[in-house]
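# Structural description and commentary
Okay, here's what each chain looks like letter by letter:
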Amino acid sequence: MFDRSIKIAPSILSADFANFGQEIRAIEAQGADWVHVDVMDGHFVPNLTFGPPAVKAFRPHVKTFMDVHLMIAPVDPYIEAYAEAGADMITAHVEAGPHIHRTLQAIKAQGVKAGVVLNPGTPAEAVEDVLDLCDMVLIMTVNPGFGGQKFIHSGVEKTRKIRKMIGDRPIHIQIDGGITSETAPLVVAAGADVLVAGSAVFKGGSVDTPEVYGANIRAIREAAEAAQQAA
Ligand code: DX5
Ligand code: ZN
């Protein structure tokens, strides 16, 4: 049976940038299921973050599952480097180039899991013909580039559509942007199972007060699990 239990994937974009090793160990000890790494190029999105050497430095600290979200264009020339840096899954945007099918094939060829990402302005149908190449569909509920933005509600209906499109296939639905204990139930009821959360996980805590991360993760998980059971 495919595992559709709720998975919380804190985005280390909201972590202390001088302290990634400790931050990763803290969120995992406090219940994170995956670690979400936001890669930005200052071109596809208006912000810059992590090259392959940074991701490689995170790797030994991640004991769970490292989910690398590439917000870069072009994508294809960098897939091998991010796979070699230790990504367990690489997700690429459908908007980042003309050949998402080729990009997903290239990710799979590296022996890592592959995911396709849609921006808020991109319709659900854009991923229909590549679903069989995907282990996950990532639906953005903010315009990518920054943490701490407001949840865009049209992602809920899009999630419902994509969940229907997926049917029985073993494909996760991940949501990224503005996830809190208030918004998580909306997308989970529509069919999502993997929730990225940056500011809602890291707010109020630090590596010296990691129990705050734990409480934040628990609040999102409990709200999401209640919605999944009710659905
Ligand atoms: C946005 C990133 C997100 C971001 C989420 O471009 O892809 O992963 O860190 O941050 P919050 O949860 O604060 O919206
Ligand atoms: Zn992300």
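Right above here is the structure, for reference.
The structure contained in this document is the topic of the report that follows.

Turning to the site of ligand 1, a few remarks are in order. In the vicinity of ligand 1, 20 residues are found, and the nearest of them are Asp38, Gly145, Asp176, Gly198 and Ser199. In the model, an oxygen atom of ligand 1 is placed 2.7 Å from a nitrogen or oxygen of the glycine 145 main chain. Within the backbone of glycine 178, a nitrogen or oxygen atom sits 2.8 Å from an oxygen atom of ligand 1. A total of 380 Å² of accessible area belongs to ligand 1 in isolation, and the protein chains cover 100% of it. The site holding ligand 1 turns out to be the largest pocket. Contributions of two or more residues to the shell around ligand 1 are made by strand 2 (35-40), strand 3 (66-71) and strand 8 (194-197). Ranked by residues supplied to the shell around ligand 1, first place goes to strand 2 with three residues.

Along the polypeptide, valine 37 turns up in strand 2. Placed 77 residues apart in sequence, valine 37 and alanine 114 show a C-alpha to C-alpha distance of 14 Å. When sequence neighbours within four positions are dropped, the list of residues in contact with valine 37 reads Ile12, Phe50, Val55, Phe58, Met66, Asp67, Val68 and His69.

A regular strand places its side chains so that they alternate between the two faces of the sheet. Here strand 8 shows a buried face lined by Val194 and Val196 and a second buried face lined by Leu195 and Ala197. Taken together, the four bridges between strand 1 (residues 7-10) and strand 8 define a ladder with parallel strand orientation. For proline 10, the partnering residue across the bridge sits in strand 8 and is alanine 197. As defined by bridge partners, strand 7 (residues 172-176) adjoins strand 8 across two bridges and the pair is classed as parallel. Residue isoleucine 175 lies in a different strand from strand 8, and its bridge partner there is leucine 195.

Before going further, it helps to spend a moment on the coordination of the zinc ion (ligand 2). Only His36 (NE2), Asp38 (OD), His69 (ND1) and Asp176 (OD) from the protein coordinate the zinc ion (ligand 2), and they sit 2.0 to 2.3 Å from it. Considering all six donor atoms around the zinc ion (ligand 2), angles at the metal cover 68 to 167° and the coordination shape is octahedral. Sequence positions of the residues that donate to the zinc ion (ligand 2) give the spacing H-x1-D-x30-H-x106-D. Separated by 33 residues along the polypeptide, histidine 36 in strand 2 and histidine 69 in strand 3 bring together distant segments of the chain.

There is about 240 Å³ of room inside the largest pocket. Forming the boundary of the largest pocket are 25 residues, of which Phe146, Gly147, Gly148, Asp176 and Gly177 lie nearest the centre. Put simply, the parts of the chain that give the lining of the largest pocket at least two residues each are strand 2, strand 3, strand 8 and helix 7 (199-202).

Of all hydrophobic cores here, the largest spans 75 residues; its most connected members are Ile12, Val37, Val137 and Leu195. Broken down by element, this core gets its largest block of residues, five residues, from helix 8 (residues 210-230). Other than its neighbours up to four places away in sequence, isoleucine 12 contacts Phe17, Phe20, Ile24, Ile27, Val35, His36, Val37, Phe58 and Phe202. Among the nonpolar cores identified, the runner-up in size contains seven residues, and Ala9, Trp34, Met89 and Met136 belong to it.

So, about the packing of aromatic side chains. Counting across every chain of the model gives seven aromatic pairs. Relative to phenylalanine 20, the ring of phenylalanine 17 lies with its centre 4.8 Å away and its plane at 55°, an arrangement referred to as tilted. Overall, phenylalanine 20 belongs to the buried group, its relative accessible area being 13%. Ring centres of phenylalanine 20 and phenylalanine 58 lie 4.9 Å apart, and the angle between their planes is 55°; on these two criteria the pair is classed as tilted.

By the definition in use, this model includes seven salt bridges. In this structure, lysine 7 engages aspartate 193 in a salt bridge whose closest nitrogen and oxygen atoms are separated by 3.5 Å. Of this pair, lysine 7 sits in strand 1 while aspartate 193 sits in the loop between helix 6 (184-189) and strand 8, and the two are 186 residues apart along the sequence. A relative accessible area of 8% places lysine 7 in the buried class. Across the pair arginine 169 and aspartate 132 runs a salt bridge whose closest N-O atoms are separated by 3.0 Å. Note that arginine 169 is positioned in the loop between helix 5 (154-166) and strand 7 and aspartate 132 in the loop between strand 5 (113-118) and strand 6 (136-140), a separation of 37 residues in sequence. On the basis of relative accessible area, arginine 169 is assigned to the partly exposed category, the value being 27%. In the salt-bridge network here, residues are joined through shared partners; they are Asp3, Lys7 and Asp193.

The rules we used
Residues numbered from 1 in each chain as written. Chains lettered and ligands numbered in written order. Predicted model: local features only at pLDDT ≥ 70, side-chain atom pairs only at ≥ 80, totals over all residues. Heavy atoms only, no water. Near = heavy atom within 4 Å. Polar contact = N/O pair within 3.5 Å; in protein donor to acceptor, adjacent residues only side chain to side chain. Areas by Shrake-Rupley, 256 points an atom, 1.4 Å probe, with all protein chains shown as cover. 1 Å grid on protein atoms, 1.4 Å probe; cavity = no way out; pocket = protein on both sides within 12 Å on 5 of 7 lines; lining within 4 Å. Sits in = over half its atoms within 2 Å of the grid points. Helix = DSSP H or I, 4+ residues; strand = E, 2+ residues; numbered from the N terminus. Contact = heavy atoms within 4.5 Å. Buried < 20%, exposed > 50% of the residue type's maximum accessible area, 1.4 Å probe, protein only. Pairing = 2+ DSSP bridges. Donors = N, O, S within 2.8 Å, 3.2 Å for Na, K, Ca; no water. Tetrahedral: all angles 85-135°; square planar, octahedral: opposite > 155°, others 65-115°. Points joined across faces, edges and corners; volume = space filled by probe spheres on them. Core = buried A, V, L, I, M, F, W, Y, C linked by side-chain atoms within 4.5 Å. Phe/Tyr/Trp six-rings, centres within 6.5 Å; stacked < 30°, edge-to-face > 60°. Salt bridge = Lys/Arg side-chain N within 4 Å of Asp/Glu carboxyl O.

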